[in-house]
Amino acid sequence: MAIEKAKKVEIIGFDKIKYQVLRKLQEEEIIHLETPSSEKLPSLEAPNLRDLERVVKFLSSFEKKKFMGDIFPEVRFKNREEFKALRPEDLSSMTEELLKISSQIEERALKIKERNDELRTISQLTFIDASLEEVHSLEHFLILFLRLNKMERSKLKELLSKKQFLLKELPSQNHRNIFVLLMHKHDLADAAGCLRKEGFNILDLALHVWANHPDKNPHEIIENLNSEIGELNTQIHSLKEKAKEYLSYKDKLMHLYDFMLNEEYKNSIEKDLLKTENFFLFDGWVLAEREKELLKSLEEFGDKIYVHTRQPQKGEIAPTYLKNNKVVAPFEILVKMYGPPHPRSLDPTRILAPFFFLFVGICISDAGYGIMLALISYYILWRKKLTETGKRFFTFLSYLGIATFLVGAALGGWWGRPAPFKIVDVMASPFQFLLFCFVLGFIQVITGIVMRIYIELKNRNYQKAISQLSWIGLLISLPLYFVYKISVFKAFSFVAVGGILLFSSQSKNIFARIGIGLYELYGITKYFSDVLSYSRLLALGMATGVIAMVINLLAGLAFKIPVLGIVFALGILIGGHLFNLAINLMTGFIHSARLQFVEFFSKFFDLGKKYFEPLKVKTKYNHVV
Amino acid sequence: MEWGLVLAIFGGAVAVVAAGIGSAIGVGMTGQASNGVMSEKPENFVSCLLLTALPGTQGIYGFLISIILIMKLGMLAGPVVGISVSQGWSIFAACLPVGLAGLVSAIHQGKVCTTGVYMVAKQPADFVKPLILAVFVEFYAVLGLLISLLMLNGIKL
């Protein structure tokens, strides 16, 4: 089922053509490299790359921000031919110029910050109408301006108690706790030392800023600072204008970045290449269906190159490549989250899709929300340029919207309002619905075991297939016996238990077999808890409906407010329902995913090694398609 | 007001307060970690957001049970009458599963999500894995919710 077969490839060639071969393979996107690894990242620390990245970021800061621009970054497409035709231009002088401008702006911004700090300090002293020289003109005494809190004040008083001093709070309008300290000059050094010993630093407010301009009074200094800040701001403005002139080159810079990134990538691969003095070796995988294509594309190198393909040997695990039709393919997202299935097992995407579809539907179970989710997804698919992955994701979301709509319509939920038509009334008969969820879980668990049997048969492990088949027999006949008490089911159960006891182990020793079988039989509790786990579907489904109802209720209450009521009500309705949809989509998605991963996959999933990632052009800004 | 009603209202309060405390602690913990990670890697916003939101669901479950209780008692429509003491105790007990399971599971889920945030900082592509692990903890709150729902549903007034 839908895992492509891959073959091992080895390419040996003359050293001098290694770059041409590498470029060719990269263009064809056909080979998954093992040594050197194609997942290797180029070293982004290369200084020219880093500079370019900074410049691009700097230029982007002048562009207008788009709505939701952070979530949907602009996607630029380049087709392969265009990218190939790209030749590096020398933009180093421009890069340097822009870096210079950017650092000049930063420098000035820093200065503005400093000046603002100074402004804040000096403005605490605006009540003084004299210059610092004048303040310090007393022959024997020194005047200090301090900012002290209550504790510091009492401490200071205590420390200075043996000296002569005057400490007085100043009547400043905007700032409290400003004190003036008057003391004899020869006491000062003494006192300062004493204070420092106590871990207590007196900061003379005046010294900090004022000392630079001792001939001016605080008002004049403020004026100076303000005009300086103004000047710096105009400088920044003109620098920005200058930078904006380069905006049209941003595309070119991005291309250059991508080109250089890809070169760097190729270099890093080349470095890890297995090589002798005259030869190099690529070691990797190709999909069996594209093998001929690979051979053909390398024909141009003639006998300078030798390509060898073979089936994977024992112990070698080929990378996994999932292939599904367009409808099911978006569900691959889930399988990819879990990890690559072993190439010799099967791709669960198709089987998982209907279950997941239904489960998310039940977890949200509101037709109105389904319509909203589907419409939002289609709108994004229609309006936004998306990468292949993005398209898949939103197609996936639109599916979930449809599922929610269908289940919601069946259960009669429309934005939390009861509908005239419903198949089941969950609120009125939750127990029946709980049973229904268990049945769904039971079906999925059995499906999982059937898939295990399929894999075992495919790999010719008939014994294991029999023991799994016995499990199905036991799991079906035992509940039936308990419900209907018909002895046929009892007999079936015994046969099944026998099957499990005898075939769970492949040991030759009969006692060991039965021992292991007994242990395996204990695993029935696991199946029991697996099925119970599906009760979450009911709880989450009810949660959505009730919260939606509460939102309507609140909106109804808001509506009664005179005049503005309708505005409030609309706000609550729109915001509330969107919030409820978002929260329940998240929990619904994760809980349903968990049911796949833990309850379903655990029955049959064999992890492989890696996904098939062909060697291709590595870029950051442009998507090469 | 008779004692039956007092007990019932007390139950509703416990459901929303206990679960709310748990969620507040859980979300607070994860939120702090998210901010720390995003200060270095702002591009992790979406995964941090999801991880931070997750321990918040318990509070919603508690809230939900309280609302169902309020509607069951018909408190919005007018004065409530005729709830016996035994009915009051039953309602009180029915509110405990969601409140207590929510309280404890939200705190522990917060811990799982917090470490998940640290993991996402190192492996941004793998952000679904910590989400799945966190949901393991949440399941017990979901069970609490389910039982509270079924119990409330079963109490005849």
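Everything numeric in this text was worked out from a predicted model, so none of it was measured.

Reading guide: rules and limits
- Residues numbered from 1 in each chain as written.
- Chains lettered and ligands numbered in written order.
- Predicted model: local features only at pLDDT ≥ 70, side-chain atom pairs only at ≥ 80, totals over all residues.
- Heavy atoms only, no water.
- Helix = DSSP H or I, 4+ residues; strand = E, 2+ residues; numbered from the N terminus.
- Buried < 20%, exposed > 50% of the residue type's maximum accessible area, 1.4 Å probe, protein only.
- Lys, Arg positive; Asp, Glu negative; His and termini not counted.
- Charge placed at Lys NZ, Arg CZ, Asp CG, Glu CD.
- Contact = heavy atoms within 4.5 Å.
- Buried area = accessible area lost by both parts, 1.4 Å probe.
- Salt bridge = Lys/Arg side-chain N within 4 Å of Asp/Glu carboxyl O.
- Polar contact = N/O pair within 3.5 Å; in protein donor to acceptor, adjacent residues only side chain to side chain.
- Nonpolar A, V, L, I, M, F, W, Y, C, P; charged D, E, K, R; others polar.
- Expected span 1.5 Å × (residues − 1).
- Core = buried A, V, L, I, M, F, W, Y, C linked by side-chain atoms within 4.5 Å.
- Axes fitted to C-alpha atoms, helices over the stretch in contact; angles between N-to-C directions.
- Parallel < 35°, antiparallel > 145°, perpendicular 65-115°, else oblique.
- Left-handed = near helix turned anticlockwise from the far one by under 90°.
- Pairing = 2+ DSSP bridges.
- pLDDT = per-residue confidence, 0-100.
- Disulfide = S-S within 2.5 Å.
- Phe/Tyr/Trp six-rings, centres within 6.5 Å; stacked < 30°, edge-to-face > 60°.
- Lys NZ or Arg CZ within 6 Å of the ring centre and 35° of its normal.

## Some words on the overall build of chain B
Part 1: Per the secondary structure count, chain B includes five helices and zero strands.
Part 2: Secondary structure elements of chain B, listed N to C terminal, follow the sequence α-α-α-α-α.
Part 3: On the principal axes, the C-alpha backbone points of chain B span a range of 60 × 25 × 20 Å.
Part 4: Counting over 157 residues, chain B shows a buried share of 50%.
Part 5: Averaging the coordinates of the 6 positive side-chain charges in chain B and doing the same for the 5 negative ones gives two points 8 Å apart.

## Notes on the interface of chain B and chain A
Part 1: Tallying the contact residues gives 27 residues for chain B and 29 residues for chain A.
Part 2: Summed over both sides, the interface of chain B with chain A buries roughly 2500 Å², with 88% coming from carbon and sulfur.
Part 3: Inspection of the chain B/chain A interface yields zero salt bridges.
Part 4: Across the chain B-chain A interface, the total number found is one residue pair in polar contact (both at pLDDT 80 or more).
Part 5: Of all the secondary-structure elements, those providing two or more residues to the side of chain B that touches chain A are helix 2 (45-53), helix 3 (57-73) and helix 5 (128-154) of chain B.
Part 6: At 15 residues, the largest contribution of residues to the side of chain B that touches chain A is made by helix 5 of chain B.
Part 7: Of the residues in the side of chain B that touches chain A, the class split is 23 nonpolar, two polar and two charged.

## Section: helix 2 (residues 47-60) of chain A
All names here are of chain A.
Part 1: Taking 1.5 Å as the rise per residue, helix 2 with 14 residues should run 20 Å; its terminal C-alpha atoms sit 20 Å apart, in good agreement.
Part 2: Taken as a whole, helix 2 has its buried residues at L49, L52, V55, V56, F58 and L59.
Part 3: Among the structural elements, helix 4 (92-122), helix 9 (218-244) and helix 10 (250-272) are those in contact with the buried residues of helix 2.

## As for the pattern of salt bridges
Residues and elements named next belong to chain A.
Part 1: For the structure on display, the rule yields 29 salt bridges over all chains.
Part 2: Residue K8 is joined to D283 by a salt bridge in which the shortest nitrogen-to-oxygen separation is 3.3 Å. With a gap of 275 residues between them, K8 in strand 1 (residues 6-14) and D283 in strand 8 (residues 279-287) connect regions that are remote in the sequence. Take K8 and D283: they sit in the same class, and that class is buried.
Part 3: One salt bridge connects D606 with R452, and the closest N-O pair in it is separated by 3.4 Å. Taken together, the residues span a long stretch of sequence, with D606 in the loop between helix 22 (565-600) and strand 12 (622-624) and R452 in helix 16 (residues 430-458) at a distance of 154 residues.
Part 4: Residue classification places D606 among the partly exposed positions, given a relative accessible area of 27%.
Part 5: Looking at R452, the relative accessible area reads 13%, which means it is buried.
Part 6: One network of salt bridges, with partners in common, ties together K8, E10, E34, D283, R310 and E316.

## Comments concerning unusual backbone geometry
Residue and element names in this part refer to chain A.
Part 1: At W415, a position not held by glycine, the phi torsion is positive, near 50°.
Part 2: Within the secondary structure layout, W415 lies in the loop between strand 10 (413-414) and strand 11 (417-418).
Part 3: Given the relative accessible area of 32%, W415 is considered partly exposed.
Part 4: Look at V563: it is not a glycine, yet its phi comes out positive at around 60°.
Part 5: Mapping V563 onto the fold places it in the loop between helix 21 (535-559) and helix 22.

## Focus on the environment of L400 of chain A
Part 1: Looking at the element boundaries, L400 of chain A is found in helix 15 (residues 388-411).
Part 2: The spacing of L400 of chain A and S377 of chain A is 23 residues in sequence and 9.8 Å in space, taken between C-alpha atoms.

## Brief notes about the nonpolar core
Part 1: Among the nonpolar cores identified, the biggest contains 66 residues, and L537 of chain A together with L145 of chain B are the most heavily contacted of them.
Part 2: Here this core gets ten residues from one element, more than from any other, and that element is helix 21 of chain A.
Part 3: Residues within four places of L537 of chain A in sequence aside, it is in contact with F359, I362, C363, C437, L440 and L595 of chain A.

## A word on the packing of helix 1 (residues 3-40) of chain B against helix 3 of chain B
Residues and elements named next belong to chain B.
Part 1: Between helix 1 and helix 3, whose axes approach to 6 Å, the crossing angle comes to 165°. The angle between helix 1 and helix 3 falls in the class roughly antiparallel. Taken as a pair, helix 1 and helix 3 cross one another with a handedness that is left-handed. Facing helix 1, whose interface residues are L5, A8, G12, A15, V16, A19, G20 and S23, helix 3 presents T57, Q58, G59, G62, F63, I65, S66, L69 and L73.
Part 2: Each residue belonging to the contact of helix 1 with helix 3 can be placed in one class, and the counts come to nine nonpolar, eight polar and no charged.

## Points about the packing of helix 13 (residues 349-364) of chain A against helix 22 of chain A
All names here are of chain A.
Part 1: The interhelical angle for the contact between helix 13 and helix 22, taken along N-to-C directions, is 140°, at an axis separation of 9 Å. As far as their axial angle goes, helix 22 and helix 13 are oblique. Here the hand of the crossing between helix 13 and helix 22 comes out right-handed. In this structure, helix 13 contributes I351, L352, F355, F356, F359, V360, C363 and I364 to the contact, and helix 22 contributes N584, L585, G588, F589, S592, A593, L595, Q596 and F600.
Part 2: Considering only residue class, the contact of helix 13 with helix 22 consists of 13 nonpolar, four polar and no charged.

## What to know about the pairing of strand 1 of chain A
Residues and elements named next belong to chain A.
Part 1: In terms of strand pairing, strand 1 meets strand 8 through nine bridges, oriented antiparallel. The partner of K8 across the bridge, within strand 8, is W285.
Part 2: Where strand 1 meets strand 9 (residues 305-310), six bridges bridge the pair, whose relative direction is antiparallel. Bridged to V9 within strand 9 is T309.

## What about the confidence of the model for chain B?
Residues and elements named next belong to chain B.
Part 1: Averaged over chain B, the pLDDT score is 90; the fraction of residues at 70 or greater is 99%.
Part 2: Of all the helices and strands in chain B, helix 2 carries the lowest mean pLDDT, 86, while helix 4 (residues 85-122) carries the highest, 94.
Part 3: Predicted complex metrics record ipTM = 0.76 and pTM = 0.79.

## Here we look at the state of the cysteines
Part 1: Summed over the entire model, instances satisfying the criterion amount to zero disulfides over all chains.
Part 2: Here C437 of chain A is not cross-linked by a disulfide; its sulfur's nearest cysteine counterpart is in C363 of chain A, at 8.6 Å.

## Observations regarding the packing of aromatic side chains
All names here are of chain A.
Part 1: Per the stated rule, a full pass over the model turns up 33 aromatic pairs over all chains.
Part 2: Centroid distance Y246 to Y249: 6.4 Å. Interplanar angle 50°. Geometry classified as tilted.
Part 3: Its relative accessible area of 34% is what places Y249 among the partly exposed residues.
Part 4: Three or more aromatic residues joined by ring pairs form one cluster here, namely Y338, F355, F359, Y534, F597, F600, F601, F604 and F605.
Part 5: For K336, the ring lying beneath its charged end belongs to Y611, and the centroid distance is 5.8 Å.

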